[in-house]
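One letter stands for each residue in the lines below.
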Amino acid sequence: MQLDFALPASRVHALRTGAVLVPDAPALFRVEGTGALTCLQGLLTNDLAAPGDGSLVYGAMLTPKGMIVFDAWVLREGERFTIVTAGSARAGAIELFRRSLPPRLARVTDLTDTHRAAWLLGAAAPERLARALDTSVPAPAKLLRAGPEQGVLVAGGTPAAPFTGLVVAPAADHERIAGQFEGGRALIGDAQDLGAAGILAGWPALGREIDERTLPQEVRFDEIGGVSYTKGCYTGQETVARIHFRGHVNRSLRGLAVAGPEPLPERTLMLAGKDVGQARSTLVLEDRVLALGMVRREVDIGSVVTVGERFATVVKLPFELD
């Protein structure tokens, strides 16, 4: 998976205040049936019941030991759920659903080959899409149906999300949606835009900040709204709850700010001659490099570490740009 991204200041400004639509081909699944909610509640780290019908929820599926298998956005429409996760997670998701979801209660349909997603970036993007589809602007973390035969599913981003909206529709509709969206200052983006938006938001990505040894609390699930401590049991909950109520993680996802626009050839973070972490995803700007790093808990915000021959300041996430 790509680790390094680069954007000019004008494009970063568009990602924050403008209207950018990024077509994507993630793994997509539909889970439906009389037991779909109960079954998924037993798998996802977050609560699907409390937000109710027509909601967007972020969370992860875990191993019994609490490690992340894959993270996902879940769009709920009654007893039907659309699950959006990284394309690299498709095989793992299929196997997990096969083992965990009884077909008589929760039927799984793999939509990956027939449907696509698009991410809305920038504060103006949801309103631009609403005009293009002749519909209302989705509220944060809520869903609506639009387009021909109501086949386009649109969600507003959660407050912490790296996007302002999410679109899921049959693959044949996406070229039309992009054509209706683009124009004036509304832009069609690409992987650079999506990667940059995730880094700026301090959002962990599967295959970059999240691997098979990652615990939810290590990658900001508390801060980004990816875990519930009040819902019922789910796979891996014992470990997650024990860390939350009785312990702590030894490393966590932090921001790193490095002066100068040169990419980082080295990734190991050093402090007082000790290895204290690794830089993962990086965003090269015109005057600096911003990076997401897995950093030892004893390294405080404001500490200066070395990465190769350069200095990096450990900062809070999400990044605050001047």
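1. Things to note about the pattern of salt bridges
This structure, assessed with the given rule, holds 19 salt bridges. Where arginine 80 meets glutamate 77, a salt bridge forms, and the shortest distance between an N and an O atom there is 3.6 Å. For arginine 80, a relative accessible area of 29% translates into the label partly exposed. Exposure remark for glutamate 77: the relative accessible area of 18% places this residue in the buried category. In this structure, the salt-bridge partner of glutamate 298 is lysine 274, at a minimum N-O distance of 3.3 Å. You can see glutamate 298 sitting in the loop between strand S16 (288-296) and strand S17 (304-307) and its partner lysine 274 sitting in strand S15 (residues 274-284), a full 24 residues away along the chain. Classification of lysine 274 as partly exposed rests on a relative accessible area of 45%.

2. Quick look at the layout of surface pockets
Looking at the largest pocket, its volume works out to about 680 Å³. Among the elements of the structure, strand S2 (19-24), strand S5 (68-77), strand S6 (80-85) and helix H6 (191-200) are those that each provide at least two residues to the lining of the largest pocket. Among the elements that line the lining of the largest pocket, the one with the most residues is H6, at four residues. Looking at the lining of the largest pocket residue by residue, the class counts come to 20 nonpolar, six polar and three charged. Space inside the second largest pocket adds up to approximately 380 Å³. Lining the second largest pocket are 20 residues, and of these Ala161, Pro162, Ala197, Leu200 and Ala201 lie nearest its centre. Elements with a contribution of two residues or more to the lining of the second largest pocket: helix H1 (9-17), H6 and helix H7 (221-224). Taken together, the residues of the lining of the second largest pocket sort by class into 15 nonpolar, two polar and three charged.

3. A closer look at the sheet that holds strand S3 (residues 27-32)
Strand order in this open sheet of five strands is S4-S5-S6-S3-S7, and the pairing throughout is antiparallel. Each end of this open sheet is capped by a strand with a single partner; those strands are strand S4 (55-62) and strand S7 (107-110). On average, each strand axis in the sheet is inclined to that of its neighbour by 25°, with strand direction left out of account. With six bridges joining them, S3 and S6 adopt antiparallel strand pairing. Residue glutamate 32 lies in a different strand from S6, and its bridge partner there is arginine 80. Helix H3 (residues 90-100) rests against S3, S4, S5, S6 and S7 of the sheet, and its axis sits at about 20° to S3.

4. A word on unusual backbone geometry
Look at the link from leucine 317 to proline 318: it is a cis peptide, with omega at 0°. Within the element layout of this structure, proline 318 appears in the segment after strand S18 (310-315). Within the chain, aspartate 134 stands out as a residue other than glycine whose phi angle is a positive 55°. Mapped onto the elements, aspartate 134 comes out in the loop between helix H4 (125-133) and strand S9 (143-146). One non-glycine residue with positive phi stands out, namely arginine 220, at about 70°.

5. Some points on the sheet that holds strand S10 (residues 152-156)
Taken in spatial order, the six strands of this open sheet run S9-S10-S11-S8-S2-S12, and their pairing is mixed. Looking along the sheet, the strands with just one partner apiece sit at the ends: S9 and strand S12 (186-188). Looking at each pair of strands side by side, their axes are set apart by 20° on average, direction ignored. One ladder, built from three bridges, connects S2 with S12; its direction is parallel.

6. A look at the environment of glutamate 127
Summarising the element assignment, glutamate 127 is placed in helix H4. For glutamate 127, a relative accessible area of 48% translates into the label partly exposed. Here the alpha-carbon distance between glutamate 127 and valine 167, two residues 40 residues apart in the chain, equals 13 Å.

7. Digging into the packing of aromatic side chains
The final tally for this structure, using the stated rule, is nine aromatic pairs. Between the aromatic rings of phenylalanine 29 and phenylalanine 97, the centroid separation amounts to 5.4 Å while the plane-to-plane angle is 80°, which identifies the pairing as edge-to-face. Residue phenylalanine 29 is found in strand S3, and its partner phenylalanine 97 is found in helix H3; the two are separated by 68 residues along the sequence. Between the aromatic rings of tyrosine 58 and tryptophan 73, the centroid separation amounts to 4.8 Å while the plane-to-plane angle is 50°, which identifies the pairing as tilted. Of this pair, tyrosine 58 sits in strand S4 while tryptophan 73 sits in strand S5, and the two are 15 residues apart along the sequence. Note on tryptophan 73: relative accessible area 6%, which makes it buried. The rings of Tyr58, Trp73, Trp119, Phe163, Trp203 and Phe221 are connected pair by pair, giving a single aromatic cluster.

Reading the values: rules and limits
- Residues numbered from 1 in each chain as written.
- Predicted model: local features only at pLDDT ≥ 70, side-chain atom pairs only at ≥ 80, totals over all residues.
- Heavy atoms only, no water.
- Salt bridge = Lys/Arg side-chain N within 4 Å of Asp/Glu carboxyl O.
- Buried < 20%, exposed > 50% of the residue type's maximum accessible area, 1.4 Å probe, protein only.
- Helix = DSSP H or I, 4+ residues; strand = E, 2+ residues; numbered from the N terminus.
- 1 Å grid on protein atoms, 1.4 Å probe; cavity = no way out; pocket = protein on both sides within 12 Å on 5 of 7 lines; lining within 4 Å.
- Points joined across faces, edges and corners; volume = space filled by probe spheres on them.
- Nonpolar A, V, L, I, M, F, W, Y, C, P; charged D, E, K, R; others polar.
- Pairing = 2+ DSSP bridges.
- Axes fitted to C-alpha atoms, helices over the stretch in contact; angles between N-to-C directions.
- Contact = heavy atoms within 4.5 Å.
- Phe/Tyr/Trp six-rings, centres within 6.5 Å; stacked < 30°, edge-to-face > 60°.

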